[in-house]
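Notes for the structure review
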Amino acid sequence: MERWLALELASTIRHDGDGGVTDDLATARGATRWIHAQADLLAGHVPAGEMTADEDLRMEIIALRQSVRALFVRAVGRAPASSVGVGQLMPSDQALAHLNTVAARETVVPQLEWPPDGTPTARLLSAQHDQRIRLVAALARAAIDFLSGPQCEQLRACAAPRCVRYFVKSHGRQEWCKPSCGNRARAARHYQRHRTATDGGSVPS
């Protein structure tokens, strides 16, 4: 299953399976675990598996997450899937400015490599030595790539009760980020139908 770094960042706030939400970035230790888990997606940018988050880095990543989630709301063209535990939504113009500012913190320069018996290839080299700046800049650029790419057209907010996640729609009439959310949504609909019928009201179709 394809993974996107921007979506992984937005999904650090998620349903906890017990009616609330959990935040993977709630502590510096949690932020470190999350960074390590993204090592494959951050390969070529920073040695994520070797990094340790302190409180300043944690707060920088959280601020970037707020920007990304605000722009996800704009992308799906409707309110967030749930307001539970996500705090006040950052204004879209502020989110856009913050995202671009963070991405610009790392200067990258192109370099041509051409082995004697091979094909010329280009890669980008960073002029930034601070690994933490490189990390948040890489996250910001990943969000820019995601929001400007074709997958953004399939971005959806999960329709399950109290879910705060976004997902890329991969088939048909997909409404939920994962099967458990679909089960919870169907259970909620069944409960509502039963309650309506018990109360003597009309049963929704």
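Coordinates for the structure precede this section.
Residues numbered from 1 in each chain as written. Predicted model: local features only at pLDDT ≥ 70, side-chain atom pairs only at ≥ 80, totals over all residues. Heavy atoms only, no water.

This part takes up the overall build of the protein. Looking only at helices and strands, the protein has six helices and six strands in total. For the protein, the N- to C-terminal ordering of α and β elements is α-β-β-α-α-α-β-β-α-β-β-α. Within the protein, buried positions represent 37% of all 205 residues. Taking contacts inside the protein between residues at least 6 apart in sequence as the whole, the part at least 24 apart equals 57%. As displayed, the protein offers around 11800 Å² of accessible surface, 52% of which is attributable to carbon and sulfur atoms. (Helix = DSSP H or I, 4+ residues; strand = E, 2+ residues; numbered from the N terminus. Buried < 20%, exposed > 50% of the residue type's maximum accessible area, 1.4 Å probe, protein only. Contact = heavy atoms within 4.5 Å. Areas by Shrake-Rupley, 256 points an atom, 1.4 Å probe, with all protein chains shown as cover.)

Roughly 410 Å³ of internal volume is contained in the largest pocket. In this structure, the largest pocket is lined by 19 residues; those nearest its centre are M1, L7, E8, R165 and C177. Only α1 (5-10) and β6 (166-168) provide two or more residues apiece to the lining of the largest pocket. A per-element tally of the lining of the largest pocket places β6 first, with three residues. Residues of the lining of the largest pocket, tallied by class, amount to eight nonpolar, four polar and seven charged. (1 Å grid on protein atoms, 1.4 Å probe; cavity = no way out; pocket = protein on both sides within 12 Å on 5 of 7 lines; lining within 4 Å. Points joined across faces, edges and corners; volume = space filled by probe spheres on them. Nonpolar A, V, L, I, M, F, W, Y, C, P; charged D, E, K, R; others polar.)

Turning to the packing of helix α2 (residues 28-37) against helix α3 (residues 55-76), a few remarks are in order. It is the contact of α2 with α3, at a shortest axis distance of 9 Å, that shows an interaxial angle of 65 degrees. In terms of orientation, α2 and α3 fall into the roughly perpendicular class. Helix-helix and strand crossings are classified by hand; for α2 and α3 the assignment is left-handed. Contacts between α2 and α3 involve A28, A31, W34 and I35 from the first element and E55, L57, R58 and I61 from the second. Split into classes, the residues belonging to the contact of α2 with α3 amount to six nonpolar, no polar and two charged. (Axes fitted to C-alpha atoms, helices over the stretch in contact; angles between N-to-C directions. Parallel < 35°, antiparallel > 145°, perpendicular 65-115°, else oblique. Left-handed = near helix turned anticlockwise from the far one by under 90°.)

The next subject is the environment of C152. Relative to the elements of secondary structure, C152 occurs in the loop between α5 (131-147) and β5 (155-157). Residues within four places of C152 in sequence aside, it is in contact with A75, F146 and L147.

Next up on the list: the nonpolar core. Counting residues in hydrophobic clusters, the biggest one holds 42 residues, and the most contacted among them are I35, L42, I61, F72, L135, L139 and Y166. For this core, the secondary structure elements donating two or more residues are α1, α2, α3, α4 (92-103), α5, β5 and β6. Element by element, the count of residues in this core is highest for α3, at ten residues. Grouped together as the second largest cluster of nonpolar side chains are seven residues, C163, F167, W176 and C181 included. (Core = buried A, V, L, I, M, F, W, Y, C linked by side-chain atoms within 4.5 Å.)

With that settled, consider the environment of T12. The residue T12 is located in the loop between α1 and β1 (13-15) in this model. Sequence separation of T12 and W34 is 22 residues, and the distance between their C-alpha atoms is 8.2 Å. Ignoring any residue separated from it by four or fewer positions in sequence, one finds T12 in contact with T22, D23, D24, L25, W34 and R65. Within the local environment of T12, its side chain forms a polar contact with the backbone oxygen of L9, the two atoms lying 2.7 Å apart. (Polar contact = N/O pair within 3.5 Å; in protein donor to acceptor, adjacent residues only side chain to side chain.)

When their charged atoms lie close together, side chains carrying opposite charge are able to pair. Across all of its chains, the model carries ten salt bridges by this definition. Across the pair R123 and E113 runs a salt bridge, and its minimum N-O distance is 2.6 Å. Of the two residues, R123 sits in strand β4 (residues 121-126) while E113 sits in strand β3 (residues 108-113), which places them ten residues apart along the sequence. Residue E113 is classed as partly exposed on the basis of its relative accessible area, which comes to 30%. It is possible to trace a salt-bridge network through shared partners that takes in R3, E8 and D40. (Salt bridge = Lys/Arg side-chain N within 4 Å of Asp/Glu carboxyl O.)

Before going further, it helps to examine the packing of aromatic side chains. Per the stated rule, a full pass over the model turns up three aromatic pairs. Between F72 and Y166, the ring centres sit 5.4 Å apart and the planes meet at 75 degrees, which makes this aromatic pair edge-to-face. Highlighted residues: F72 in helix α3 and Y166 in strand β6, separated in sequence by 94 residues. (Phe/Tyr/Trp six-rings, centres within 6.5 Å; stacked < 30°, edge-to-face > 60°.)

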